[in-house]
Each structure stands twice: as structure tokens, then as C-alpha cells.
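# Observations on the model geometry
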Amino acid sequence: MLLRVRDLEVCYRRPGRRSGPVTAVHGVDLTVHRGETVGVVGESGSGKSSIGAAVLGLIRPHAGLVEFDGRDITHCSRAERRELARRMQVVFQDPYGSMNPARTVGDTVTEALRYNLGLNRHEIRERLDRALDDVGLPPETAGRYPAQFSGGQRQRLAIARALVMEPEFIVCDEPTSALDLSVQAQVLNLLAGLQQSRGLSYLFISHDLAVVRHLSDRIVVLRAGRVVEHGPAETVAVEPSHPYTRALIAAAPVPDPEQQRLRRSARRQALSKESHP
Ligand SMILES: Nc1ncnc2c1ncn2[C@@H]1O[C@H](COP(=O)(O)OP(=O)(O)OP(=O)(O)O)[C@@H](O)[C@H]1O
Ligand SMILES: [Mg+2]
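Residues numbered from 1 in each chain as written. Chains lettered and ligands numbered in written order. Predicted model: local features only at pLDDT ≥ 70, side-chain atom pairs only at ≥ 80, totals over all residues.

## Some details on the site of ligand 1
- Close to ligand 1 lie Tyr-12, Ala-24, Gly-42, Ser-44, Gly-45, Ser-46, Gly-47, Lys-48, Ser-49, Ser-50 and His-207, which account for all nearby residues.
- Considering every element that reaches the shell around ligand 1, the biggest residue donor is helix H1 (residues 48–56), with three residues.
- Per-class residue counts for the shell around ligand 1 are two nonpolar, eight polar and one charged. (Near = placed C-beta within 6 Å. Helix = DSSP H or I, 4+ residues; strand = E, 2+ residues; numbered from the N terminus. Nonpolar A, V, L, I, M, F, W, Y, C, P; charged D, E, K, R; others polar.)

## Examining the packing of helix H3 (residues 105–116) against helix H4 (residues 121–134)
- Contact pair H3 / H4: the axes reach a minimum separation of 10 Å and the direction vectors enclose 125°. The orientation of H3 with respect to H4, classified from their angle, is oblique. Every pair of crossing elements has a handedness; the one defined by H3 and H4 is right-handed. Facing Gly-106, Val-109, Thr-110, Leu-113 and Arg-114 of H3, the residues of H4 in contact are Ile-124, Arg-127, Leu-128 and Ala-131.
- Within the contact of H3 with H4, the residues separate by chemical class into five nonpolar, two polar and two charged. (Axes fitted to C-alpha atoms, helices over the stretch in contact; angles between N-to-C directions. Parallel < 35°, antiparallel > 145°, perpendicular 65-115°, else oblique. Left-handed = near helix turned anticlockwise from the far one by under 90°. Contact = placed C-beta atoms within 7 Å.)

## Things to note about unusual backbone geometry
- Phi angles above zero are rare outside glycine, and Asp-69 is one such case at about 50°.
- Turning to its location among the elements, Asp-69 is positioned in the loop between strand S4 (63–68) and strand S5 (71–72).
- At Glu-174, a residue that is not glycine, the phi angle is positive and equals roughly 50°.
- Note on placement: Glu-174 falls in the loop between strand S7 (169–173) and helix H6 (181–198).
- For Glu-174, a count of 19 C-beta atoms within 10 Å corresponds to the partly exposed category. (Buried ≥ 20, exposed ≤ 12 C-beta atoms within 10 Å, placed from the backbone.)

## Quick word on the domain arrangement of the chain
- Looking at the chain, the domain boundaries give domain 1 (1–87 + 169–233), domain 2 (98–166) and domain 3 (242–277).
- Counting from both sides, the interface comprises eight residues of domain 1 and, opposite them, six residues of domain 3.
- Only helix H7 (209–215), strand S9 (218–223) and strand S10 (226–232) provide two or more residues apiece to the side of domain 1 that touches domain 3.
- Counted by class, the side of domain 1 that touches domain 3 contains five nonpolar, no polar and three charged residues. (Domains from an automatic or database assignment.)

## Here we look at the environment of Arg-226
- Tracing the sequence through the fold places Arg-226 in strand S10.
- Separated by 135 residues in sequence, Arg-226 and Val-91 place their C-alpha atoms 23 Å apart.

Now the structure itself:
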């Protein structure tokens, strides 16, 4: 087992309020095996990113355990985190927000690499070229600037930035949510291909069950910080046992308005059954 999250609790203080902290994640358990993709799905505010952030050490969990490759990393030091960055990376929804527009793509993609691994220029260039090639961008991309790229290309750059570290595990937090459907499919296929060629494991976070299903071996459904359902991707996506999961499926937009109407009404029914069991 590569990643194990047990009984995770994440709380946030509310600035300027007297009331106590809000609990965003309540006792969540999940595991990711080597080479596997585990999808985390739930509506906005259900705590998906909080789980990702706790796994990556970007926030401190209130309680619970995060284990990576058999080691407790719940409260590890900065130095240990830097070390872990070789093995664990992240791809976020909005890579542009984390790219300095004044720096070249090559500098941006290799930044963590240059600070962390003590490689020489030649080795850095090799890793950069390989990562760009892996995400389908030509080597001359390196000399250009983030603004010169489309949203889909920037998402490829964000993936390249994770790949140069040669990680084993990547947290993908809504990596395709800002993209048009056709571009979204390309990026998902790219991630699937990279998983095969590089033997990666993913924790794949999205509000969109169809997207999660596309990539995941198993799916965890989150609602208001709690796991309401988990299981093999096909089971969860096709025969969900929890009304909330059925509601998520019904909430996905479909091109046919009549279908859409039927699904919406199914969703309302599912939700009302749930609140009045
Ligand atoms: N830094 C923060 N400070 C205070 N509250 C926060 C903070 N980050 C998240 N929250 C709250 O924690 C809950 C879970 O948020 P989180 O971002 O994990 O959800 P999410 O499922 O990723 O949502 P989205 O789909 O919108 O990204 C929400 O109620 C949110 O308002
Ligand atoms: Mg989020």
C-alpha cells in the first residue's frame, strides 16, 4: 500500500469569529495502492481539497494519520517534506495562478528540481526535455512564457512540473475542471497514459463523477467531510448504493434537455427521500 489515510480530521479556524473552528473533514479513511488511481468525488465544500492538502502536508490535520509507503508522515518536518517532494507531487486546477508570468516555462517547470535535488544543468535539462515530451510539448516550449499557452497546454506544463521530480504518487486536484470538454478528455487520457508509462499512483479529486470514473480504479464519495460510499469505480458510478451518489450522477449535465429534465427530477427525488427517509 502506498498511501493510507486513517481517521483524518481537518478543522479550520474562522477568522474574526467567536465560534469555534469548523470541521471540514470528519474521520476519513482511504488507501491508494501502487499503480492505482483512487478518485475522491463530492460537491463543492465537501472537503476534497482539504484531504489532498493534508496528504501533501500543506495543512496540519487536527487528528488522524497519513502514511506514505509505510511511514507516518502526518506531522513530518520541512526537511522531510522536501525529501517527500521527490516522491509525491500535485497538479492543481489553476496552474496559471502558480506560474510566474515573467519566468520561462523551463524555469517554472524545473524550479523545485533545481532547489531540491542538486542536479547539474545537463541533468536538469534532460529531465525537462523528457517531461515536456511526456506531456506532448516540444523542447522549444521551455524558452516561452506561460501566457503564450492555452489552458490545456498550461495544464500539461503543470503535469510536466510534477513529472520532473520523477514522483511515484500525484495528487490531482480538479486538474481538468477549468478546461473545455474536448481538452479535458485529452488531459485525462494523458494522465492515464503517464500512469502506465511511469507507474504512477494518483489520488484524483473532482466534483465530477464522470471525470473521476474515467480514471479511477476505486472511488470514494465525500459528503460534508464524511465518506458516504466507496468501492470499485464501476460499482460506485453505475450502481451507487447511496442516494447522494445517485444525486451526483443526476447532477451531471447531459446534452439532451429531456434527459436532463428526467435526471434533475430523479435527483430531487433522491434528495428528498434522503432527507425524509
Ligand atoms: N483555508 C480555509 N479556511 C477556512 N475554511 C476553509 C479553508 N479551506 C477550506 N475551508 C472550508 O472547508 C470546507 C471544505 O473545503 P474544501 O476546499 O476541502 O472542499 P472541496 O470539496 O475541495 O470544494 P471545491 O470543490 O469547491 O474545491 C468548506 O466548508 C470550506 O469552506
Ligand atoms: Mg477543492
